[in-house]
Each structure stands twice: as structure tokens, then as C-alpha cells.
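Descriptive analysis of the structure
Here is what each chain is made of, one letter per residue.
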Amino acid sequence: GNSVTQMEGPVTLSEEAFLTINCTYTATGYPSLFWYVQYPGEGLQLLLKATKADDKGSNKGFEATYRKETTSFHLEKGSVQVSDSAVYFCALRQNTGANSKLTFGKGITLSVRP
Amino acid sequence: GAGVSQSPSNKVTEKGKDVELRCDPISGHTALYWYRQSLGQGLEFLIYFQGNSAPDKSGLPSDRFSAERTGGSVSTLTIQRTQQEDSAVYLCASSLGGGRTYQETQYFGPGTRLLVL
């Protein structure tokens, strides 16, 4: 079955530090890949996505590239801000079939210090 | 416009009681999903509704869990004889529900935090 593995957390960084959050997946075929973010006290929001190999999703300074050869979708940001403190979830979705459910990783908490 | 709304935002119940959780999807969205976010298991799919099709219940963890969707809009997730391991945040999401739901963005509600004592 499908699965998503995220690096263990939590992660604490200083403001303006470089961020990498690792995500690898197991799936049949070629799924779409997503990063969702959950800010404190808020609901889950789509941060970025990529629908095919070598696609790069980007939003709010975050980027992730769909790497089929390594089955990875690592999230990066060059300079984090305090406002990026949140829980980040990597997810995949099959591009076929009747059920377009999302399969999530366990999430990782990011805390950014001023 | 209004997003996905869920009620109640918090629910505390005693073990063995039944609970009902409500989800109002975005107006016009015909695809609706329930997920559960718990400390031990992360975010898990529970059930999926698409229009008038039979729901996909493959993620429901036991027969104590059921869900319905009335009139193609509002959905209710019911947990019977609640157990402590049911404590979690229950999230609802909706998407347009066009021909290819796997291409659509799912919009999530704020969740219902359930605590079973």
C-alpha cells in the first residue's frame, strides 16, 4: 500500500536559517505529492504540490521537487521566519481510481526562534 | 467565501457514550472526506463521499464508526460506544468533485477535538 515517511521531529531553528524537511514515499504508479501546513490554532492548509516527476512546487519561499528516482519530496526554505513555526505534513495521492484520498506522513513540528 | 466548517470544535465525552461530529463542506463541493489526526497514528483517512456514489468506507477503524451525508452536502460522523483510543482531532475536507477528484485541492476544516474520558 501507499505510505509516506517523514524525518523525526521536532525541529528548532533560528530565524534566517536554512530548512530541509525530508520526505520519502512508497506508492504504486505515479502519485501526486503535497506538503500541507498546520499553523497554531488553524486548520490544515495546502502549502505546495507537484503532480509529476521533476516538477517543483513552490509557495511562500518554500520549495519541493518531485524526485521519482529517489521517491522523495523534500521541503526546503532558504531563510525561515518565526511565522513559519507550524506542523508540516508530507502527503501523496494516487492519480487514478475512484478514491482520491490523501495519505499523510506523521508530520513534523518546526519551531523558529527569533 | 465560507470555508469548510465543523462542529463542535471541542467535545468531551465519557467512555461508552455516542458522539456525532458535523461537517459543512464548501458550497458546491460534492466530494467530502473525513480524516483523523491522533498522536500515535498521525493523519489517517476514514471515509470518502462523492456525489451520489456509495461512500468509500475503507478507512473506518471499526464498526463503531459510521458516517452519512444528507442531501449531498452536510455530513455527520458518528462514533458509537466511544473508547479512549478514539480521542483525536477529526478533520473534514471537501473538493469540487468534478470528473477527476484526484486532481483537485482538498480544503480542510478546523477539526473537532474529541476527548474520551
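Higher on the page you've got the structure.
Quick summary incoming for the structure in this document. (Residues numbered from 1 in each chain as written. Chains lettered and ligands numbered in written order. Predicted model: local features only at pLDDT ≥ 70, side-chain atom pairs only at ≥ 80, totals over all residues. Heavy atoms only, no water.)

Remarks on the pairing of strand 5 (residues 42-50) of chain B
Residues and elements named next belong to chain B. Taking burial as the measure, the nine residues of strand 5 include eight buried ones, the bulk of the element. Note: strand 4 (residues 31-38) against strand 5, eight bridges, orientation antiparallel. Across the sheet, the residue bridging to leucine 32 is phenylalanine 49, located in strand 5. Hairpin connection between strand 4 and strand 5: a loop of three residues separates the two successive antiparallel strands. (Buried < 20%, exposed > 50% of the residue type's maximum accessible area, 1.4 Å probe, protein only. Helix = DSSP H or I, 4+ residues; strand = E, 2+ residues; numbered from the N terminus. Pairing = 2+ DSSP bridges.)

Considering the layout of surface pockets
Counted as a void, the largest pocket has a volume near 1,100 Å³. Every element with two or more residues in the lining of the largest pocket is listed here: strand 1 (3-6), strand 10 (86-93) and strand 11 (103-104) of chain A together with strand 4, strand 5, strand 8 (88-95) and strand 10 (112-116) of chain B. Per-element accounting of the lining of the largest pocket gives the leading share, five residues, to strand 5 of chain B. Taken together, the residues of the lining of the largest pocket sort by class into 18 nonpolar, 21 polar and seven charged. (1 Å grid on protein atoms, 1.4 Å probe; cavity = no way out; pocket = protein on both sides within 12 Å on 5 of 7 lines; lining within 4 Å. Points joined across faces, edges and corners; volume = space filled by probe spheres on them. Nonpolar A, V, L, I, M, F, W, Y, C, P; charged D, E, K, R; others polar.)

Quick look at the state of the cysteines
What we call a disulfide is simply a covalent bond connecting the sulfur atoms of a pair of cysteines. All names here are of chain B. Per the stated rule, a full pass over the model turns up two disulfides over all chains. Cysteine 23 shares a disulfide with cysteine 92; S-S distance 1.8 Å. Taking the torsion about the S-S bond as the criterion, the cysteine 23 to cysteine 92 disulfide, at about -65°, is left-handed. Taken together, the positions of cysteine 23 in strand 3 (residues 19-24) and cysteine 92 in strand 8 put the pair 69 residues apart, joining distant regions of the chain. (Disulfide = S-S within 2.5 Å.)

Section: the interface of chain A and chain B
The interface is formed by 19 residues belonging to chain A together with 21 residues belonging to chain B. When the two sides are added together, the surface that chain A and chain B hide from each other amounts to roughly 1,600 Å², 49% of it contributed by carbon and sulfur. Taken together, the connections running from chain A to chain B amount to zero salt bridges. Seen at the junction of chain A and chain B, the total is five residue pairs in polar contact (both at pLDDT 80 or more). Mapped onto the side of chain A that touches chain B, the elements with two or more residues apiece are strand 5 (32-38), strand 6 (44-50) and strand 10 of chain A. Residues of the side of chain A that touches chain B, tallied by class, amount to seven nonpolar, eight polar and four charged. (Contact = heavy atoms within 4.5 Å. Buried area = accessible area lost by both parts, 1.4 Å probe. Salt bridge = Lys/Arg side-chain N within 4 Å of Asp/Glu carboxyl O. Polar contact = N/O pair within 3.5 Å; in protein donor to acceptor, adjacent residues only side chain to side chain.)

As for the pattern of salt bridges
Counting across every chain of the model gives six salt bridges over all chains. Close ionic contact of lysine 52 of chain A with aspartate 55 of chain A constitutes a salt bridge, the shortest N to O distance being 3.4 Å. The closest approach of N and O atoms between arginine 36 of chain B and glutamate 44 of chain B, which form a salt bridge, is 3.4 Å. By relative accessible area, which is 24% here, glutamate 44 of chain B ends up partly exposed.

Here we look at the nonpolar core
One finds Trp35, Leu47, Leu48, Phe73, Leu75 and Tyr88 of chain A to be the most contacted residues of the largest nonpolar core, which totals 27 residues. At the level of secondary structure, the elements contributing two or more residues to this core comprise strand 2 (11-14), strand 3 (19-21), strand 4 (23-26), strand 5, strand 6, strand 8 (62-65), strand 10 and strand 12 (108-113) of chain A. When residues of this core are assigned to their parent elements, the largest contribution, four residues, is made by strand 10 of chain A. Beyond its immediate sequence surroundings of up to four residues, leucine 47 of chain A is in contact with Trp35, Tyr36, Val37, Asn59, Lys60, Phe62, Leu75 and Tyr88 of chain A. Counting residues in hydrophobic clusters, the runner-up holds 20 residues, among them Leu21, Cys23, Leu77 and Ile79 of chain B. (Core = buried A, V, L, I, M, F, W, Y, C linked by side-chain atoms within 4.5 Å.)

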